[in-house]
Amino acid sequence: DAKTTQPPSMDCAEGRAANLPCNHSTISGNEYVYWYRQIHSQGPQYIIHGLKNNETNEMASLIITEDRKSSTLILPHATLRDTAVYYCIVRASGGSNYKLTFGKGTLLTVNP
Amino acid sequence: EPEVTQTPSHQVTQMGQEVILRCVPISNHLYFYWYRQILGQKVEFLVSFYNNEISEKSEIFDDQFSVERPDGSNFTLKIRSTKLEDSAMYFCASSRDRQNSPLHFGNGTRLTVT
């Protein structure tokens with residue numbers, strides 16, 4: 001699987017946008033970028049994913065650079081409940097290897 | 001919204017005992033997974049399962065582990081002879097397809113081996 005690099009921690013003020021960066025310089029052309037988060041010891045929660053184009057859903061926006069070597073997850077108006085570990089994952093494609101491989105992620109702390 | 005459900009939420013067992021962790025994946029999903037997370041560590045892949053066969057397994061998934069889809073709705077993880085180091089959160093997940101469909105995770109079973 002292509003590796004990803006994320007800052008270990010970030011802070012954000014409540015109500016402000018949280019921009020979480022991720023580098024995935026070795027991504028292959030048909031590999032997707034997925035974002036998950038984990039609050040305390042709950043199960044990982046799916047946020048968003050994309051291949052080339054920017055994506056937006058009710059939770060977040062995903063901006064992928066044109067060369068696909070990096071991406072940014074944007075939480076437009078962070079709340080205290082968004083405090084979690086955020087994982088950027090590149091998902092392998094093809095064959096029998098389609099699992100998600102979790103790294104250490106970014107601990108986002110939203111402050112009042 | 002459909003979700004993955006896992007039972008029990010907490011299981012305590014003695015070393016050497018067998019445990020079965022149960023999961024009900026989302027009904028129209030075809031791919032199933034088990035992950036574990038030891039306290040304070042990363043979420044680790046154990047096994048993926050499709051069409052009643054293991055697709056991929058990690059080094060962690062040794063002969064002590066097995067998976068089964070016994071009745072078309074449940075997906076189970078069995079640990080034959082538990083060890084202290086098996087204490088962890090175990091997460092089940094499912095997905096509709098194997099690339100462009102997200103995995104949806106349950107809230108886990110906390111296994112404590114004493």
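An account of the accompanying structure is given in this report. None of these values were measured; they are calculated from a predicted model. (Residues numbered from 1 in each chain as written. Chains lettered and ligands numbered in written order. Predicted model: local features only at pLDDT ≥ 70, side-chain atom pairs only at ≥ 80, totals over all residues. Heavy atoms only, no water.)

Glancing now at the overall build of chain B. The number of helices and strands found in chain B is zero helices and 11 strands. The helix and strand sequence of chain B, counted from the amino end, reads β-β-β-β-β-β-β-β-β-β-β. For a compact globule of 114 residues, the expected C-alpha radius of gyration is about 13 Å, and chain B comes in at 13 Å, within 12% of that figure. Dimensions of chain B, computed from C-alpha atoms along their principal axes, come out at roughly 40 × 30 × 30 Å. Out of the 114 residues belonging to chain B, those deemed buried represent 46%. Of the contacts formed within chain B by residues at least 6 apart in sequence, a portion of 54% connects residues at least 24 apart. As displayed, chain B has an accessible area near 5800 Å², and 42% of this comes from carbon and sulfur atoms. Distance from the positive charge centre (11 side chains) to the negative charge centre (14 side chains) of chain B: 1 Å. (Helix = DSSP H or I, 4+ residues; strand = E, 2+ residues; numbered from the N terminus. Rg over C-alpha atoms; globule rule 2.2 N^0.38 Å. Buried < 20%, exposed > 50% of the residue type's maximum accessible area, 1.4 Å probe, protein only. Contact = heavy atoms within 4.5 Å. Areas by Shrake-Rupley, 256 points an atom, 1.4 Å probe, with all protein chains shown as cover. Lys, Arg positive; Asp, Glu negative; His and termini not counted. Charge placed at Lys NZ, Arg CZ, Asp CG, Glu CD.)

This paragraph deals with the state of the cysteines. A complete count under the given rule lists two disulfides over all chains for this structure. Each disulfide pairs two cysteine sulfurs, and for cysteine 22 of chain A the partner residue is cysteine 88 of chain A, the sulfurs being separated by 2.1 Å. Residues cysteine 22 of chain A and cysteine 88 of chain A are joined through a disulfide that is left-handed, its torsion about the S-S bond being -80°. With cysteine 22 of chain A in strand S2 (residues 18-23) and cysteine 88 of chain A in strand S8 (residues 84-91), this pair connects stretches of sequence that are 66 residues apart. Assessed through its relative accessible area of 0%, cysteine 22 of chain A is described here as buried. Overall, the relative accessible area of 1% leaves cysteine 88 of chain A in the buried class. Each disulfide pairs two cysteine sulfurs, and for cysteine 23 of chain B the partner residue is cysteine 92 of chain B, the sulfurs being separated by 2.0 Å. Its torsion about the S-S bond being -65°, the disulfide of cysteine 23 of chain B and cysteine 92 of chain B is classed as left-handed. Residue cysteine 23 of chain B is located in strand S3 (residues 19-24), and its partner cysteine 92 of chain B is located in strand S9 (residues 88-95); the two are separated by 69 residues in the primary sequence. Comparing cysteine 23 of chain B with cysteine 92 of chain B, the two get one shared label, buried. Cysteine cysteine 12 of chain A is unpaired, with the sulfur of cysteine 22 of chain A as its nearest cysteine sulfur at 18 Å. (Disulfide = S-S within 2.5 Å.)

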